[in-house]
Every structure is written in structure tokens, then in C-alpha cells.
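Chains, contacts and geometry: an overview
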Amino acid sequence: MSEALKLPIIDLSSLDRISTAKSIRQGCIEFGFFYLVNHGVEEELFRRMFEESSKLFSLPLEDKIKMSRKQQRGYTALYAENLDPSSTPKGDSKESFYIGPLEGTIKDLNQWPLEESLPTWRSTMECYYNKVLSAGTRLMHLIALALNLDEDFFEKVGALDVPMAFLRLLHYPGKLEPSGEEIYGASAHSDYGMITLLATDGVPGLQVCRDKSQHPRLWEDVPNIKGAFIVNIGDMMERWTNCLFRSTLHRVMPTGQERYSAAFFMDPNSDCVVKCLESCCSESCPPRFPPIRSIDYLKERFRLTYGS
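Residues numbered from 1 in each chain as written. Predicted model: local features only at pLDDT ≥ 70, side-chain atom pairs only at ≥ 80, totals over all residues. Heavy atoms only, no water.

Take the nonpolar core next. The biggest cluster of nonpolar side chains holds 67 residues, and the ones touching the most others in it are Tyr128, Ile143, Phe154 and Phe229. With 13 residues, helix H4 (residues 121–146) is the largest single contributor of residues to this core. The contacts of Phe229, once residues within four sequence positions are left out, are Phe34, Tyr35, Leu36, His39, Val41, Phe46, Tyr128, Val132, Leu197, Leu198 and Ala199. By size, the runner-up hydrophobic cluster in this structure holds 19 residues, among which are Leu5, Phe31, Tyr35 and Ile230. (Core = buried A, V, L, I, M, F, W, Y, C linked by side-chain atoms within 4.5 Å. Buried < 20%, exposed > 50% of the residue type's maximum accessible area, 1.4 Å probe, protein only. Helix = DSSP H or I, 4+ residues; strand = E, 2+ residues; numbered from the N terminus. Contact = heavy atoms within 4.5 Å.)

In C-alpha cells, the structure reads:
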């Protein structure tokens, strides 16, 4: 049985920003994960979001396939994705739906279910998206302080100027077809981008492995805290911080219970240059990676995973 992880709990409403930033720094260095509370997303909105998510995934498969993923927006079917092919040849036992940025011309790339089928679906998701984006922006100010930078650093470098933020709704069925292979809800992976804010319906299954190099890997359960986001650092932020902040391997294991979650991937503006932060390098610890545009980094990561 896996041990339960005790992550720092970060209060986004705290007036003691320096102490809060120190706690974030500890969580990002030690775990790559922390909880976020008092973030401004109401419990009622969480309830509505999960209710509408359930309605979408309850649609007939033929209706969902009509919204199949294009340009990282839309529906991905059960077993269509395998985040860790080395662990099992079978795809992950989840289905998902991506919603991309809601501003600018790229907002038109989003796919939406028919209003006649789900009349309040789009408005609920847009409201949720904007609320989490606001919380994520405020959190980035604290992360800047945690890195010994000016609070508005990520705004100065253009990261938060129409960030590339994606909401991914996820559904893990409770009952699965018998198989001789080990089945994962989401096989072991790290997230590609800057930070992820995850909401769950309370059903367990999320596990993290703090040491990627350890074999066999030690997996620790991440308990749910009602109303809290589970925040984790992505590979891009690990690169930005010269590996000071860690992007931690994680996975979702089936528990026999149906599970819903919503991952909000908050990535920088496409043209933002990800360059080693001055506060994270020195003569004795030079930059490990060359500068790269955010969009170029993410495109390469998606190409390696999806082949497109």
C-alpha cells in the first residue's frame, strides 16, 4: 500500500506573502506539488463544473466522436492515449475533453457540445476557466516571489499576456473490462508546461513519485482536500528554474470507483522566451538549457507524445 503524502497547504488569500512564498518554494523544491486553498473558485462552481462534465461524458460515443481532438481541443476517447508506453501497451483508462484559450482569434478553435443537448455546458465551463485563470495568475505572482524575483516578473517577460491555458476535463470509468495487463487511469508522466491546477471529485487514485531515478519507483498517494486545488510544477517551469523546482512524475491508478477531475494547464504566452532565471543560476551552477520560445518547447513535447 502506498504512503499518503503530506503536502504544504498554500493560502492564496494570506496577507503574509513572504511567508506564503517561502512555503511555495519548499513545496516546489521538495515535492513539486502543493495544495492551494482560498483561491476564489466557489464550491458551487466546482459542483456545477463536475455536473456538466458528467453530462458530456454520458453522451453517446458517436456524439462525442464528432468533437474528436483537433489542435489540442475536443474529445479523446477511452484508451486512445498512453502517457507511458514502457509500462503497458494498453492505453490509459480515461476519456477527456480539452478547452483552449477563450481570448483572441484562437478561441474559435474550441469545440463545444450542441446547446440543444447541453444548454448550460459552455457558459459553465467558460466561467470556471476564467475563475481558475484568475487564481493561476495570482499564484504566479507568489511563485515569482518564491524564486526571489519581482512579484510581476512573469508579467514583465510576457508570460501572462494572454497565457496559453488549457482546461482538460477527465473521466475515469469505475468498471473496466478484465485484462491480463496492468491498467492505469493515467500512466506515469510529468506535465509539459508551467503549472497545473487540478480539481478532483474526491475519489482517490492520484499518486506521485518524487525520485524519477529510483527503481523500483516509490509511489505516494495524494489525498484530496475538499475545495482545494492540487498544484504541480511542469517540465517548462523546471527548465526555467534550472531544475531548482521539480516536475514530479505522477499517475492515476484505478480504484474501482468512477472518478472525475479537471486539470487546468497554465502555460505562458506562445512567444514568451523561457530562459534560465538569474536567481536560479550562478558561476558554479550555470544554465543547463538554452533559451526557447514557449510554443516551440510545447510543440516538440506534444510531437513526441502524439506524433503531431
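On the basis of which strands lie adjacent, the open sheet formed by eight strands has the order E2-E3-E11-E8-E13-E6-E5-E4 and mixed pairing. Edge positions in the open sheet fall to strand E2 (9–11) and strand E4 (74–76), since each of these has one partner strand only. Pairs of neighbouring strands in the sheet enclose a mean axial angle of 25°, with direction left out of account. Lying on the sheet, helix H1 (residues 17–30) is in contact with E2, strand E3 (33–37) and strand E11 (229–233); it crosses E2 at an angle near 150°. In this fold H4 packs onto E3, strand E5 (95–99), strand E6 (164–172), strand E8 (195–200), E11 and strand E13 (259–267), with an angle of close to 55° to the strand it touches most, E13. (Pairing = 2+ DSSP bridges. Axes fitted to C-alpha atoms, helices over the stretch in contact; angles between N-to-C directions.)

Turning to H1, a few remarks are in order. With 14 residues, H1 extends 20 Å from end C-alpha to end C-alpha; this agrees with the ideal 20 Å at 1.5 Å per step. Within H1 the residues assigned to the buried category are Thr20, Ala21, Ile24, Gly27 and Cys28. Summarising the axial view, the buried residues of H1 lie within an arc of 125°, below the 170-degree limit, and thus occupy one face. For H1, the exposed residues set more than 90 degrees away from the buried face come down to Ile18 and Lys22. Residues of H1 that are buried in the fold lie against E2, E3, H4 and E11. (Expected span 1.5 Å × (residues − 1). Arc of directions from axis to C-beta.)

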